[in-house]
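Below are the chains, spelled out letter by letter.
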Amino acid sequence: MATFLYRIGRGAFRRRWLVTLLWAVILGTAGAGAATAPAAGDDGTSFMPGIEAQRAFDLIGERFPGSDADGADARIVFIAPDGEKVTAAGHRAAIDAFVATAGDGPQVASAVSPFAANAVSEDASTAYATVTYEVSSGDLTEAGRTALETAVDEARDSGLTVEVGGNALSSQPAAGGAAEAVGVGLAAVVLLITFGSLAAAGLPLLTAVVGVGISMGAILALGSALGLSMTTGTLASMLGLAVGIDYALFVVSRYREERENGHEPREAAGLAVGTAGSAVVFAGLTVVIALAGLSVVGVPMLTKMGLSAAGAVVVGVLVALTLVPALLGMWPNAVLSRKARGRGVAAVRHTDGAGGGGSRWARFVLRRPVAVLLACVAGLGVLALPATDLQLGMPGAEAKPVSTTERRAYDALAEGFGPGFNGPLTVVADVKGASDPEAAATTVADAIRDTDGVVSVSPPRFNAEGDTALFSAVPATAPNDERTKDLVQTIRGERGGLEDETGATFEVTGSTAMNIDVAQALQDALVPYLSVIVVLSLLLLMLVFRSVLVPVKAAVGFLLSVLASLGAVVAVFQWGWGAGLLGVEQTGPIMSLMPVFLVGIVFGLAMDYEVFLVSRMREAYVHGERPAQAVASGFRHSARVVVAAAVIMIAVFSGFVGSGESMIKTIGFGLAVAVLFDAFVVRMAFVPAVLALLGDKAWWLPRRLDGLLPRVDVEGTGLTGRSAPAGEGRPAREPVRT
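Residues numbered from 1 in each chain as written. Predicted model: local features only at pLDDT ≥ 70, side-chain atom pairs only at ≥ 80, totals over all residues. Heavy atoms only, no water.

What follows is about the overall build of the protein. Across its full length, the protein holds 24 helices and eleven strands. By residue count, 54% of the 738 residues in the protein fall in the buried class. Look at the contacts in the protein between residues 6 or more apart in sequence, and 80% of them connect residues 24 or more apart. Accessible area of the protein: about 28,900 Å², with a carbon and sulfur share of 60%. (Helix = DSSP H or I, 4+ residues; strand = E, 2+ residues; numbered from the N terminus. Buried < 20%, exposed > 50% of the residue type's maximum accessible area, 1.4 Å probe, protein only. Contact = heavy atoms within 4.5 Å. Areas by Shrake-Rupley, 256 points an atom, 1.4 Å probe, with all protein chains shown as cover.)

Within the structure shown, the criterion is met by 21 salt bridges. A salt bridge links Glu52 to Arg495, with the shortest nitrogen-to-oxygen separation between them at 2.9 Å. Here Glu52 is found in helix H3 (residues 52-63), whereas its partner Arg495 is found in helix H17 (residues 495-502), with 443 residues between them in sequence. The buried category is assigned to Glu52, whose relative accessible area is 9%. Of the charged contacts, one joins Asp517 and Arg492 as a salt bridge, the two residues approaching to 2.7 Å between their closest N and O atoms. Placement of the pair is Asp517 in helix H18 (residues 511-545) and Arg492 in helix H16 (residues 482-493), with a sequence separation of 25 residues. (Salt bridge = Lys/Arg side-chain N within 4 Å of Asp/Glu carboxyl O.)

What follows deals with the side chain of Arg407. Looking at the element boundaries, Arg407 is found in helix H14 (residues 405-417). Classification of Arg407 as buried rests on a relative accessible area of 7%. For Arg407, the residues in contact, after removing those within four places along its chain, are Ala397, Glu398, Lys400, Pro401, Val402, Glu585 and Gln586.

As a further point, take the sheet that holds strand S3 (residues 126-133). The antiparallel open sheet is built from four strands, whose spatial order is S2-S3-S1-S4. Only two strands of the sheet have a single partner each, and these edge strands are strand S2 (108-112) and strand S4 (161-166). In this sheet, adjacent strand axes meet at a mean angle of 20° when their direction is disregarded. Taken together, the four bridges between S2 and S3 define a ladder with antiparallel strand orientation. Across the sheet, Val108 pairs through a bridge with Tyr133, a residue of S3. The strands that helix H4 (residues 89-103) touches are strand S1 (73-79), S2 and S3; relative to S2, the one it contacts most, it runs at about 170°. Contacts from H14 reach S1, S3 and S4, with the element oriented near 100° to S4. (Pairing = 2+ DSSP bridges. Axes fitted to C-alpha atoms, helices over the stretch in contact; angles between N-to-C directions.)

Its 31 residues give helix H10 (residues 300-330) an end-to-end C-alpha distance of 44 Å, which sits within 8% of 45 Å, the value for a rise of 1.5 Å per residue. Remark: the principal bend of H10, roughly 40°, maps to Val319. Burial analysis of H10 places 24 of its 31 residues in the buried class, the great majority of the element. (Expected span 1.5 Å × (residues − 1). Bend = angle between axes of the 7 residues up to and from the residue.)

A separate point is a positive patch on the surface. Side chains of Arg360, Arg363, Arg367 and Arg368 sit close together on the surface and give a patch of like positive charge. Within the fold, Arg368 resides in the loop between helix H12 (357-367) and helix H13 (369-384). Overall, Arg368 belongs to the partly exposed group, its relative accessible area being 37%. (Patch = residues over 30% accessible without salt bridge, like charges linked within 9 Å, V, L, I, M, F, W, Y side chains within 5 Å. Lys, Arg positive; Asp, Glu negative; His and termini not counted. Charge placed at Lys NZ, Arg CZ, Asp CG, Glu CD.)

Summed over the entire model, instances satisfying the criterion amount to eleven aromatic pairs. With centroids separated by 4.8 Å and ring planes inclined at 25°, the aromatic side chains of Phe417 and Phe421 adopt a geometry described as stacked. An aromatic cluster is defined as three or more aromatic residues linked by ring pairs; in this entry it consists of Tyr128, Phe417 and Phe421. Just above the ring of Tyr128 sits the side chain of Arg75; from NZ or CZ to the centre is 5.1 Å. Sitting over the ring of Phe506, Arg495 keeps its end group 5.8 Å from the ring centre. (Phe/Tyr/Trp six-rings, centres within 6.5 Å; stacked < 30°, edge-to-face > 60°. Lys NZ or Arg CZ within 6 Å of the ring centre and 35° of its normal.)

For Ile516, the position within the fold is in helix H18. C-alpha of Ile516 to C-alpha of Ser592: the two residues are 76 residues apart in sequence and 8.7 Å apart in space. When neighbours within four sequence positions are excluded, Ile516 is seen to be in contact with Thr484, Lys485, Val488 and Gln489.

Attention now goes to unusual backbone geometry. For Gln107, which is not glycine, the phi dihedral falls at a positive 70°. As for its placement among the helices and strands, Gln107 is situated in the loop between H4 and S2. Notably, Ala124 is not glycine yet its phi reads approximately 60°, a positive angle. Position of Ala124 relative to the elements: it lies in the loop between S2 and S3.

So, about the nonpolar core. Among the nonpolar cores identified, the biggest contains 196 residues, and Tyr247, Leu291, Ile448, Phe506 and Phe653 are the most heavily contacted of them. Apart from residues lying up to four places away in sequence, Phe506 is in contact with Val427, Val428, Ala429, Val444, Ile448, Ile491, Arg495 and Leu498. Ranked by size, the runner-up nonpolar core spans 27 residues in total, among them Ile76, Val86, Ala102 and Ala168. (Core = buried A, V, L, I, M, F, W, Y, C linked by side-chain atoms within 4.5 Å.)

Together, Val296, Val532, Val535, Leu536 and Leu539 make up a nonpolar patch on the protein surface, roughly 400 Å² of accessible area in all. As for its placement among the helices and strands, Val296 is situated in the loop between helix H9 (265-292) and H10. For Val296, a relative accessible area of 44% puts it in the partly exposed group.

Looking now at the packing of H16 against H18. Packed helices, taken two at a time, are described by their axes: the angle between them and the distance between them. Where H16 contacts H18, the axes come no closer than 10 Å and their chain directions differ by 95°. Here H16 lies roughly perpendicular to H18, going by the angle between them. Facing H16, whose interface residues are Thr484, Lys485, Val488, Gln489 and Arg492, H18 presents Thr512, Ala513, Ile516, Asp517 and Gln520. For the contact of H16 with H18, a count of residues per class yields three nonpolar, four polar and three charged. (Parallel < 35°, antiparallel > 145°, perpendicular 65-115°, else oblique. Nonpolar A, V, L, I, M, F, W, Y, C, P; charged D, E, K, R; others polar.)

Here is the structure:
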C-alpha cells in the first residue's frame, strides 16, 4: 500500500499540470450537470417500508385513487381580535372571501370553509380553512404560492390574525451556504495558526472546496433522477468539507515534515502520500463503511444521505492523494514555514524535537495511565447519563422558531382546539370481509371514539367501491407526547377483537402514527446496524494495525464518545439546558433518525482519529521503539495536527448549528460535541493510557491470524530506506506473535 501510494504521490507531483487539469474538468462537468439538471423533489423523510403506518398510507392510495394523498395542503388559521369572535358578520365575510379567492387559485383541488366543516373552536375565537392542491408541495408553482399568499394578505387586512400551516407555504431552511462559510472561515484560522503559512493553510481549504464542489455538483445533477434532496446534499457537504480539509491537512503536514528531514520536493510528496496517504485511505474507508452501513437500517432517505455522504468522502480521499501533491508540485516551498523558507529546510529538520506540547502531554499520561483512564471513563460516563432518558420523535411545526407562521399556526390550533388537534390519527378500515360494511365501519369508529385519550372521531368516509372506510381520530395529547404513543398502541391492540366482531380490520396512519412507527423501527434497527459497522471496521482496523486489542480499544473509546454526545444532545434539545444559546426555541423528543445517524457518522470520524494517531505510534514501534517511546513519538509527530483537524471538524459542524432546519441543527451539534469528546478525551487521553497499560501486548496478533491477513504496510515499512534521514535508520520490529 505505502509503495503504491508513494508512486501515486510522485507521479501526481511530476504530472501536476495534467492532474490539476483533470480535476478542473471534473469540477466543471459536475457544475454544468448541476446547472442544467431539473430540480430535485421531496425525498420522503417519513417513508419507511414495512411499518403499519406506511402500509395504511399505501392502502389509502390504492383504495382512494385520486385522493391526492401526496398533494400539498395549507391550513389557514384565523384568530379574532381579543374579545371578538370569528363568527361575527365582518370576520365571517372576510373568511368566506378568502375561501372563494383561494379556491380559484391555480393547482387548487379544494378550499373548505371552516363554517361548512365545523372547524370553529368552542369559544369561536379561532377557525381554520383547509386548502388542498392537485400536486405535491415540490411541484407547486410560484403562481400557486403567490395566489395563496395574496388571499392571506387580504384576509389579514380585515383585522383578523391569519397564520398558515401545512406544507404549501412551508418556509424552507437555507441551503447551508452561510454555515459552510462560517466553518471554512474558522478552519482557515486554525490552519493558519497550525502551519504559520498562508499557502499551507489555504491548500487544504482549496482542495476541500474542490472536492465538495464536485460532490455537490454530482448530487444536484443526479438529484431528480435519484430523489436526492437538499437535506441529502447538506450532509454530504458537511462531511465532505470536514474530512476533505483534514485529509489534505495530514498530507501537507507530512510533506513539510519530510522536507524538514532533508528530502527534495518530489520525494517528499511521494513519502507524504505513501505514509500519511495510507492513513487517509483507511480512515476514509472506515467513514465510508459507517455511512454506507446506514443502508441496513431500511429508511430510503437515510440510505440516500449515507451513500451520498460516502461518495463525498471518497472524493475527498482521491483529492488528498492526487490533487494535493499536484498543487505541492506547483509551489513546493510555499507551504513550508517561514523559518524553513528563510534558513533552508535542512537547517530546521526535527524542529518538533522532544519538547513539543504533544510529547509533554504523552509523558504526563504515560506517568499516570490509571488515573487518566479512570478520569476519562468517569467523565464521559457522567456526560452519557442523560442518554438514559432519550425520547424519540419527529419534530414538526412545533420545533420551528416562533418567528415562522407555521409555528404560530400550530400554537393557535393547539390553544383553540386542544394539543392533539395538530396530530390527528388517520384510520383506514378494510371492510371487504364484513357482511355489512357500513355497520362494521361504524362499529370500528365507535370503539375508537370510546377509547380513553381520544377526543373525537370523524364520520367514516367510504371509497367508490364501498369496501374501505376512512376517518380521523383526534387524541387528547400532543403528537410527541408519550401518552399519544401509548394511545396508538392501545387502538391497535383493539384490532383483534373488532375483527372477530365485525369481519373488518383497520390500520392506523397519519403523520403522528408514522413518526411513532419510524422511531420504533429505527430503535429496532440500531443493534443490527451497530453490529455491521463494528464488525467490518474491527476487521479493517485489525488489517491496518495487525493487532487484536487496538481495534477493540478503538471500539470501546467510540462507545464512550458517542454515548456522551447523545447525553449532551438530550440535555440540550430534550431537557433544554442551554437551548436558548443555540437558538432552540422548543425542546422535546429527539429526532428519531438522530441516534442511528449519530452512531454511524461518529463511528467513522472516531476511527479517523484512531488511524491518524495510532498509525504514527505503530510506525515508531515497528521501526524499533519501545511501547512507551512509540506512544510519545506518535504524539510528537501527530498530536498537533490531530488537534488542528479536530478543531476544524468542530468548527465545520458547529457552523450548521445555526441552520433553520431542526434536523440539521441537531446533527451539527451532536457531531461537534462528539468530535470534541472523541478527539480530546478518547484519542488524546484514553488511547495513550490504555496503550501504556498494555505495553507490547497492544500489538499482539495470533500467528494463525497473522498468516491469514494480507499485509498492507500502512506504517510505510517499505519506504524506510527512503524516509529515514541518513544515519538514523532503525531495524523494523516484528509485532508480538503467539
